[in-house]
Amino acid sequence: MRVLRIVFVVLLLVLVVALVGGLVVYNKWTQGPLPQLAGETTIKAASADDTVGAQAAPGGLTDQVTIERDTWGIPHIYASNSHDLFFGQGYVQAQDRWWQMEFWRHIGAGRIEELTGKRDSVLGQDVFIRMIGWYRAAERDVKEVYDPATLALLQAFADGVNAYISGRDKSQLAFQYNLLGVTGVDIDVKPWTVADSVVWVKVMAWDLSDKLDDLTRSKIAGKVGTEMLADYEPAWPYGEKPTVFQPADLPITDASKTAPVASAGIIGLDTQLGGSVAPDIAFGFGGGEGIGSNSWVVDGAHSETGKPLLANDPHLSIQMPSIWYEIGLHCQPVSDACPYDVRGYALAAFPGVVLGHNDHIAWGFTNVGPDVNDLYEIKVNPDNPLQYQWDGQWRDMTTHDETINFGNGKPAVTIQVRETHLGPIINDNSIGDNGQLTGFNNDNPLAYRWTALDPSQTLRAIFLLDSARNWEEFRTAASYFNVPSQTLLYADTDGNIGLQIPGTIPVRAAGYDGLLPVDGSTSKYEWKGFVPFDDLPRVLNPARGYIATANQAIVPLEYYDQLKAKLADQFGSDSNYEFDQDWDFGYRGQRIVELLEATPKHSIASFQAIQGDTKSLSAEEIMPFLAKLDFGDAKHNDLRDWLAGWNFQFNMDSQQAGLYGYFWTSLMKNLYDDQLGADLKADGGTMNMWATYQLMSKPDNKWWDDSTTPNVTETRDDILIRSFKDAVDQISKDHGTDQAGWEWGKIHTATFVSDPLGQSGIPPIESIVNRGPVAVGGSTATIRATNWDASEGFSTTSLSSMRTIYDLSDLANSVNMHTTGQSGHPFSPHYDDMIDSWRNVQYKPMTFTHDQVDATESTILILKPG
């Protein structure tokens, strides 16, 4: 689900204003927000009288900072000390991405209504965010958890942000303020704070988690029963698809295998969440099928250079501007006091480089996706709604009053949030049919236990990663990477490769796997603790010479037996140590391993070919069952034979990919949706791919029977024939009977949408801030990830948000490309200058050295202390 579904009808007035104002309006509204990129500017010292809107930098600069941008607009910051370096980062990220930062911090704080003033679904999102308490958790981390050295760097970044936004009219900060102002929304630009940075880690953790799958799973089981649920959501392991860690990588000393435990929990639970949001609601990074990543590394024995090569492409939601902000951070000179010489990708909301390399190491992330959240159905005291039962006793809840304000001055709404020791109650304050908030839910209140609400220091890990020089320092950094858990892939200039899994990962009670909501009135299902960092999986220099990660299962089953034996004294033998049973179903991981093993010595070019690969292993599994059917007429039999000759590549020019895409959407509808209902439609993702392949060998399974035809019992072949004929009819209707019109790129497109104006419903406004649609290759579960939801059409929902290849023989040879452009200003030439290169899997040099940057058509801005 996108963050906003808003119709700014009154924005049509903008067109009138533009016509009347003419060039004056054009210059102020479109050119005014574009930042100064060259010359000098003095950062004045702060005074006690400075206020919002005319605020200087509280910390100021201690020395000169140089900001040099390369030909793509990517800044390299040069400073003599760490404070000034991250001050400069805050300054330039505010220059290029201030609206993105403003919007993101309003998401993190549950204050989206302040930017819209609309009493619609956005109110529900604010309600839900306030109930979970992201910002409360962030403020606690700032106050109680982070160390002084990290806080000082976070404050330096905030000071740099405020140095840029202070004293500037809103029209000089972002085009969006002007348009929203026409609707009556008056946005108060407030100083950036350290908590505004820290809260974005909580949003990341939400979007990259399983969210509330427990609730969805319980609802499906209530509809179709546990037997059909087991067929719809097959248990891990998923055939012979490779895990990330191989047995030889881990301390596995025997061949025993313990099957996953059966799920204890509540079936058929159906409830409205706070704000009546959907259980899979996502915000900054997106959610649903396809949110994940690829990364792999080969050692020097398997590369043409004799040193490691490392590739990474995170799969995140499609949006405008890009999620990533490219940057270089360079201490001059590099020293123990200023240890940073780092290049890569930042997130606009906080300092440091999240993904990238320094002068010694390179690293990449993919999402681990462990089950780090649980739902507990609690019992409320019928005489006191602020008490809940725990092991036969009544406990008091903690309460928080949360006031939601509206940007257009409408009366504020105040809600009360209840919180137990297990976590906040997340299904109070739903929105009734009358549009009003319902207050407390005392029938089946659900407490939400989630590791991101526990103390975390992920931003400390980022700073330590940026300055790490070897495997030991890399692992020290990883030990602070609490949430969201990521596979931290590693390579260094000495030739080492490795992988470390970090994260706060719960240990549950035996017999309970966390897949369903459970009884919250008893300590029976309370977490026992967390897996110690040193007992999380890691490997350095595996004998096979490569490591590949793509969100598949992390470890083989044998690993858990060893872990259980090792930790029995700490947590007891009656504990469950499985990280998850809900992994990606392994198609990308399998394909990456196939391609890595097919080439003895890899190069940047061979890695580029792998990142561009569009083969669907799922289509290769399913097609033999379709190819043997007789459709009873020449037209469909000929198309069947034509499709059977396909190479399973979802390239833009593939006509067969177009027909298969239509067949897949029809199959999902005919196989699953009649049973699931309108609110639980199959999305066609990797779970559906594997389940469908498994059902192919069960032609009389209940799923094949169409529940809407009670007098007929359909089988597998009936549904396959129906789905193929439906697909031919629909693609002919949409794109004509000539197969030349069936090219996948004409069907499957990417539209980069900006929040919130990109969803205004006003074409002239959307054309200013959005880009696309553009044809793209790739699909769901292909290495070139352009994921789509089969229940909603063929538009890309998530994608490879960047592609990067690091060359450890000479890091200056590294290449990359992200999705849209460096700038967040719609009238900047760097707003959309990467789109064509990205969609065609083209790369640019990843400038690193000062000489490289100087050799481009660069601009230089000098910040001087005042």
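About the thresholds
- Sequence order as written defines residue numbering, which begins from 1 separately in each chain.
- Per-residue local features of the predicted model are confined to residues with pLDDT of at least 70, and side-chain atom pairs are confined, for both listing and counting, to 80 or more; whole-chain, interface and lining totals are unaffected and use all residues.
- Remark: hydrogens and water are excluded; side-chain values derive from all non-hydrogen atoms of the structure.
- Between the N-to-C directions of two axes lies an angle of 0 to 180 degrees, each axis being a line fitted to C-alpha atoms and, for a helix, fitted only over the stretch in contact.
- Secondary structure is summarised from DSSP: a helix means a run of H or I of at least four residues, a strand means a run of E of at least two, and numbering begins at the N terminus for each.
- Working definition: roughly parallel below 35 degrees, roughly antiparallel above 145 degrees, roughly perpendicular at 65 to 115 degrees, and oblique for all remaining angles.
- What makes a crossing left-handed is the near helix being turned counterclockwise from the far one by less than a right angle; a clockwise turn instead makes it right-handed.
- Contact definition: two residues touch when any of their heavy atoms are within 4.5 Å.
- Classification used: nonpolar for Ala, Val, Leu, Ile, Met, Phe, Trp, Tyr, Cys and Pro, charged for Asp, Glu, Lys and Arg, polar for all others including Gly.
- Per residue, pLDDT captures the predictor's confidence, and it can take any value from 0 to 100.
- When two cysteine sulfur atoms lie within 2.5 Å, the pair is treated as a disulfide.
- When a residue's accessible area, from a 1.4 Å probe over protein chains only, is under 20% of the maximum for its type it is buried; when over 50% it is exposed; and in between it is partly exposed.
- At least two DSSP bridges between two strands are needed for those strands to be called paired.
- Paired rings are identified among Phe, Tyr and Trp, the last through its six-membered ring, by centres lying within 6.5 Å, and are further divided according to the angle between planes into stacked (under 30 degrees), edge-to-face (over 60) and tilted (the rest).
- Salt bridges are defined by distance alone: a side-chain nitrogen of Lys or Arg within 4 Å of a carboxyl oxygen of Asp or Glu.

(A) The packing of helix α4 (residues 134–145) against helix α7 (residues 194–207), seen in detail. The contact between α4 and α7 brings their axes to 8 Å, and the two run at 125°. The angle between α4 and α7 places the two elements in the oblique class. As for the relative orientation of α4 and α7, their crossing is right-handed in sense. Residue-level contacts link W134, Y135, A137, A138, E139, R140, D141 and V142 of α4 to V194, A195, D196, V198, V199, K202, V203 and W206 of α7. Counted by class, the contact of α4 with α7 contains 11 nonpolar, no polar and 5 charged residues.

(B) Expanded view of the confidence of the model for the protein chain. Of the residues in the protein chain, 94% reach a pLDDT of 70 or more, and the chain-wide mean stands at 93. The model gives residues 1–24 a pLDDT under 50, and that stretch makes 63 contacts with residues more than four places away or in other chains. Below pLDDT 50 for its whole length, residues 47–57 participates in 28 contacts with residues either more than four positions away or in separate chains.

(C) Representation of the state of the cysteines within the structure. Counted according to the given criterion, the structure contains 1 disulfide. The partner cysteine of C331 in its disulfide is C338, sulfur to sulfur 2.0 Å. Judged by the sign of its S-S torsion, about -80°, the cystine formed by C331 and C338 is left-handed. Using a relative accessible area of 5% as the deciding quantity, one classes C331 as buried.

(D) View of the sheet that holds strand β25 (residues 575–576). Taken in spatial order, the 3 strands line up as β22-β20-β25 in an open sheet, and their pairing is antiparallel. A single partner strand is all that each edge strand has here, and the edge strands are β22 (529–530) and β25. Relative to β22, strand β20 (residues 506–509) is paired through 2 bridges, and the arrangement is antiparallel. When the sheet's bridge partners are listed, P506 is paired in β22 with F530.

(E) Region of the structure containing the packing of aromatic side chains. As enumerated under the stated definition, the model contains 47 aromatic pairs in all. Pairing W200 with F285 gives two aromatic rings, centres 5.9 Å apart and planes at 35°, and the pair type is tilted. Of this pair, W200 sits in helix α7 while F285 sits in the loop between α9 (226–232) and β4 (292–298); the two residues are 85 residues apart in sequence, bridging distant segments of the chain. According to the relative accessible area criterion, W200 is buried, its value standing at 1%. Given the relative accessible area of 2%, F285 is considered buried. Where F631 meets F724, the ring centres are 4.8 Å apart and the plane angle is 40°; that geometry is what we call tilted. One end of the pair, F631, is in the loop between α15 (617–627) and α16 (634–644); the other, F724, is in helix α19 (residues 716–735), and 93 residues separate them in sequence.

(F) Representation of the pattern of salt bridges within the structure. Considering all chains together, one arrives at 39 salt bridges under this definition. As a salt-bridge pair, R343 and E326 come within 2.8 Å of each other at their nearest N and O atoms. Taken as a pair, R343 in strand β7 (residues 341–347) and E326 in strand β6 (residues 324–331) lie far apart in primary sequence, 17 residues in all. By relative accessible area, E326 is classed as buried at 0%.

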